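Chain and residue survey
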Amino acid sequence: MTGQLPAPHGRKKVTLPARLPTVALALGGGGARGLAHILMLEALDELGVRPVAIAGTSIGAIFGAAYASGLRAAEIRAHSEQVLGQRFDLVRDLFAARSIPFTKLWSLIPMRSALLDPTVLLEIVMPSRLKRDFTELEIPLKIVASDFYGQEPVVFTNGDLRKAVAASMALPVIFQPVMHEGRALIDGGLTNPLPFDLLTGEADFVVAIDVSGAPVPSDKRDHPSAVEALWAISFIFERTIVREKLKSLQPDIYVDAGTSHFQVGEFWKFAQILEAAAPAKARFKAQLARVLGAETLAVTGDDAAPAVEGKGVDHAGPRRRRLGRPRKDD
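Because the structure is predicted, anything quoted here is derived from the model rather than measured. (Residues numbered from 1 in each chain as written. Predicted model: local features only at pLDDT ≥ 70, side-chain atom pairs only at ≥ 80, totals over all residues. Heavy atoms only, no water.)

1. Thoughts on the pattern of salt bridges
- Under the criterion given, the structure shown has 15 salt bridges.
- In this structure, R183 and D147 form a salt bridge, with 2.9 Å as the shortest nitrogen-oxygen distance. Taken as a pair, R183 in strand β8 (residues 183-187) and D147 in strand β5 (residues 141-147) lie far apart in primary sequence, 36 residues in all.
- By relative accessible area, which is 31% here, R183 ends up partly exposed.
- In this structure, E266 engages K269 in a salt bridge whose closest nitrogen and oxygen atoms are separated by 3.3 Å.
- Overlapping salt bridges, with partners in common, bring together E42, E46, R77, K281 and K285 in one network. (Salt bridge = Lys/Arg side-chain N within 4 Å of Asp/Glu carboxyl O. Helix = DSSP H or I, 4+ residues; strand = E, 2+ residues; numbered from the N terminus. Buried < 20%, exposed > 50% of the residue type's maximum accessible area, 1.4 Å probe, protein only.)

Written as structure tokens, this is what we have:
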């Protein structure tokens, strides 16, 4: 597809090549379920699509930071598999990174500190190629944490990248809060678990990958165990927040990774989680390819894109009006 510029008097028209729509990517939080993000990043690489902006929360911030640092999905997958495959060494290193001696856990009533320091943990598990500062990133990145006392989201776009990621993943009780500029920061999922709203206006299309999941009944009992309920509390809140956001604002492509039946801490089930997310990857890849193929934009003199017809949305409901597109219910 090409676009034609008006020709000055006495001259031929100038034809310019078409451009593909730009894509911004939101990666949500969900604990081990977020390993499914790896497959969605693979889909982007396989289609040759490079996001122009990324926003991430919790485990979405981890993979978003790695991808924005220039790592390809295959590298992220190989590193994650290696780290999570070394279970005994990893457990040893995790407890070496704890913020208090493990023996105190048995006598802490009430518990006075969290188990792990998220900043130290990141140094153990993250790829060495992860950038140190936002200014070094290849793709602009926004990372969401939550202000414990201010009860509001805090969005990082500059400064120490690893500190921002540590704050975003600091799930209460498991991780100690990250202190930043006098604020106690905790898991970003508690205020913005799927930060696609931060990408409005950043690209022609916004893609949101939801890995928050929902509790799934067990075949062994008719009620959740105490441990299951404890793990699920914050993610029930997060799922509720996502549902409420989708009522008023929707991304152009929304992907539910379909890994609800895994517990949020089951990182050792790496292969099973990726296998479960494979159908979601296939649907996402097919949809994105269809959208990009149908909505190639003509380049005009001021690089303004004309209206396009396709919607690229696999769910119903109200949506914002962008690029001159009609609403779904028009």
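Text resumes after the structure shown.
2. Thoughts on the packing of helix α5 (residues 118-125) against helix α6 (residues 161-168)
- α6 packs onto α5 with a crossing angle of 115 degrees between their chain directions and a minimal axis gap of 9 Å. When the axes of α5 and α6 are compared, the pair comes out roughly perpendicular. The way α5 lies across α6 gives a crossing that is right-handed. Of the residues in α6, those touching α5 at P118, T119, L122 and E123 are R162, V165 and A166.
- Here the contact of α5 with α6 is composed, by residue class, of four nonpolar, one polar and two charged. (Axes fitted to C-alpha atoms, helices over the stretch in contact; angles between N-to-C directions. Parallel < 35°, antiparallel > 145°, perpendicular 65-115°, else oblique. Left-handed = near helix turned anticlockwise from the far one by under 90°. Contact = heavy atoms within 4.5 Å. Nonpolar A, V, L, I, M, F, W, Y, C, P; charged D, E, K, R; others polar.)

3. Quick notes on the nonpolar core
- With 69 residues, the main nonpolar core has L141, I143, F156, L161 and F284 as its most contacted residues.
- Looking at this core, the element that brings in the most residues is helix α8 (residues 270-294), giving nine residues.
- Each residue touching L141, except ones within four places of it in the same chain, is listed here: I54, G64, A65, A68, F134, F156, T157 and L161.
- Counting residues in hydrophobic clusters, the runner-up holds 15 residues, among them A53, L199, V206 and L246. (Core = buried A, V, L, I, M, F, W, Y, C linked by side-chain atoms within 4.5 Å.)

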